[in-house]
Amino acid sequence: MFRTTHSLSVYVDGQLVADGYTTLSPVYPGLFSADASGKGLAAAVVLRVKADGSQSYEPVTMFNEAQNKFVAQPIDLGAETDRFFLLLFGTGIRGRSQPSAVRVRVGGIDAPVLFAGAQGEYAGLDQVNVELPRSLKGRGDISVACNVDGSGSNAVTVNVK
């Protein structure tokens, strides 16, 4: 992967206010969390595909006003004939070298990545779609993280019923 380090100076009205070094890289994956902290519950949805081909989207979090925080909406892996896809949102992913350079671990299991790139509607928003393995059923809170061209993301959480 191509990474370079550069010096950076910030001037305000001609006065130097900060300087240092920064590394530039085509990828630096980060997954979004529901509360925008970069940790905790994932900013994601689940796509359920039934045997007849019908599809529905389901949230993985919901804001609970009484608790004043986001809470998990458990993913119900339901019928054996249904397929489930976790649609994760983040940034720093679209610059990947090739589609196979994106790996996602869900609950310690490598999940098949079906898409990783620009989300398409919002500037700078990337999306990663993975199929959830049925072996996750009943695991409760599990960690989700991705790796792109050798760079790892932060971990977020989903709950599997």
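Our structure is the block above this text.
Quick notes on the rules
Residues numbered from 1 in each chain as written. Predicted model: local features only at pLDDT ≥ 70, side-chain atom pairs only at ≥ 80, totals over all residues. Heavy atoms only, no water. Helix = DSSP H or I, 4+ residues; strand = E, 2+ residues; numbered from the N terminus. Buried < 20%, exposed > 50% of the residue type's maximum accessible area, 1.4 Å probe, protein only. Phe/Tyr/Trp six-rings, centres within 6.5 Å; stacked < 30°, edge-to-face > 60°. Polar contact = N/O pair within 3.5 Å; in protein donor to acceptor, adjacent residues only side chain to side chain. Contact = heavy atoms within 4.5 Å. Patch = residues over 30% accessible without salt bridge, like charges linked within 9 Å, V, L, I, M, F, W, Y side chains within 5 Å. Areas by Shrake-Rupley, 256 points an atom, 1.4 Å probe, with all protein chains shown as cover. Salt bridge = Lys/Arg side-chain N within 4 Å of Asp/Glu carboxyl O. Pairing = 2+ DSSP bridges.

Caption draft 1: Structural context of unusual backbone geometry. Residues other than glycine seldom take positive phi values, yet D13 does so here, at roughly 50 degrees. Following the sequence through the fold, D13 ends up in the loop between β1 (4-12) and β2 (15-24). Although it is not a glycine, A36 sits at a positive phi angle of roughly 65 degrees. Note that A36 resides in the loop between β3 (30-31) and β4 (44-49). On the accessibility criterion, A36 (70% relative accessible area) is exposed.

Caption draft 2: Inspection of the packing of aromatic side chains at higher detail. The full count for this structure, using the stated rule, is one aromatic pair. A ring pair is formed by F63 and F70, whose centres lie 5.2 Å apart and whose planes are at 75 degrees; its orientation type is edge-to-face. What makes F63 partly exposed here is its relative accessible area of 38%.

Caption draft 3: Expanded view of the side chain of N159. Structurally, the position occupied by N159 is in strand β15 (residues 156-160). Judged by relative accessible area, N159 falls into the buried class, the value being 16%. A distance of 2.8 Å separates a polar atom in the side chain of N159 from a polar atom in the side chain of D141. If near-sequence neighbours (up to four positions away) are discounted, N159 is found in contact with A72, Q73, P74, I75, G140 and D141.

Caption draft 4: Main features of the environment of V49. By the secondary structure assignment, V49 is in strand β4. Residue V49 is classed as buried on the basis of its relative accessible area, which comes to 16%. As for V49 and A155, which are separated by 106 residues in sequence, their C-alpha atoms are 26 Å apart. Residues within four places of V49 in sequence aside, it is in contact with S54, Q55, T81, D82, R83 and F85.

Caption draft 5: View of a nonpolar patch on the surface. A grouping of L8, V10, V12 and V17 is seen on the molecular surface, where their side chains present a nonpolar patch of about 320 Å² in accessible area. Relative to the elements of secondary structure, V10 occurs in strand β1. Given the relative accessible area of 37%, V10 is considered partly exposed.

Caption draft 6: Spatial organisation of the pairing of strand β5 (residues 55-59). In this sheet, β5 lies alongside β4 in antiparallel orientation, the contact comprising five bridges. Across the sheet, L47 pairs through a bridge with Y57, a residue of β5. Here β4 folds back onto β5, and the loop between the two strands holds five residues, one of which, G53, carries a positive phi near 90 degrees.

Caption draft 7: Summary view of the environment of V128. Tracing the backbone shows V128 in strand β12 (residues 126-131). With 10 residues separating them along the chain, V128 and A118 place their C-alpha atoms 8.8 Å apart. In this structure, V128 is in contact with L86, L87, L88, I93, V102, V104, V113, F115 and A116, ignoring residues within four places of it in sequence.

Caption draft 8: Inspection of the pattern of salt bridges at higher detail. Applying the stated criterion across every chain, the model contains seven salt bridges. Linking R48 and E58 is a salt bridge whose minimum nitrogen-to-oxygen distance equals 2.6 Å. Of the two residues, R48 is situated in strand β4 and E58 in strand β5; the sequence distance between them amounts to 10 residues. With a closest N to O distance of 3.2 Å, D110 and R103 form a salt bridge. A relative accessible area of 42% means that D110 is categorised as partly exposed. What emerges from the salt-bridge pattern is a single network uniting R48, E58 and D82.

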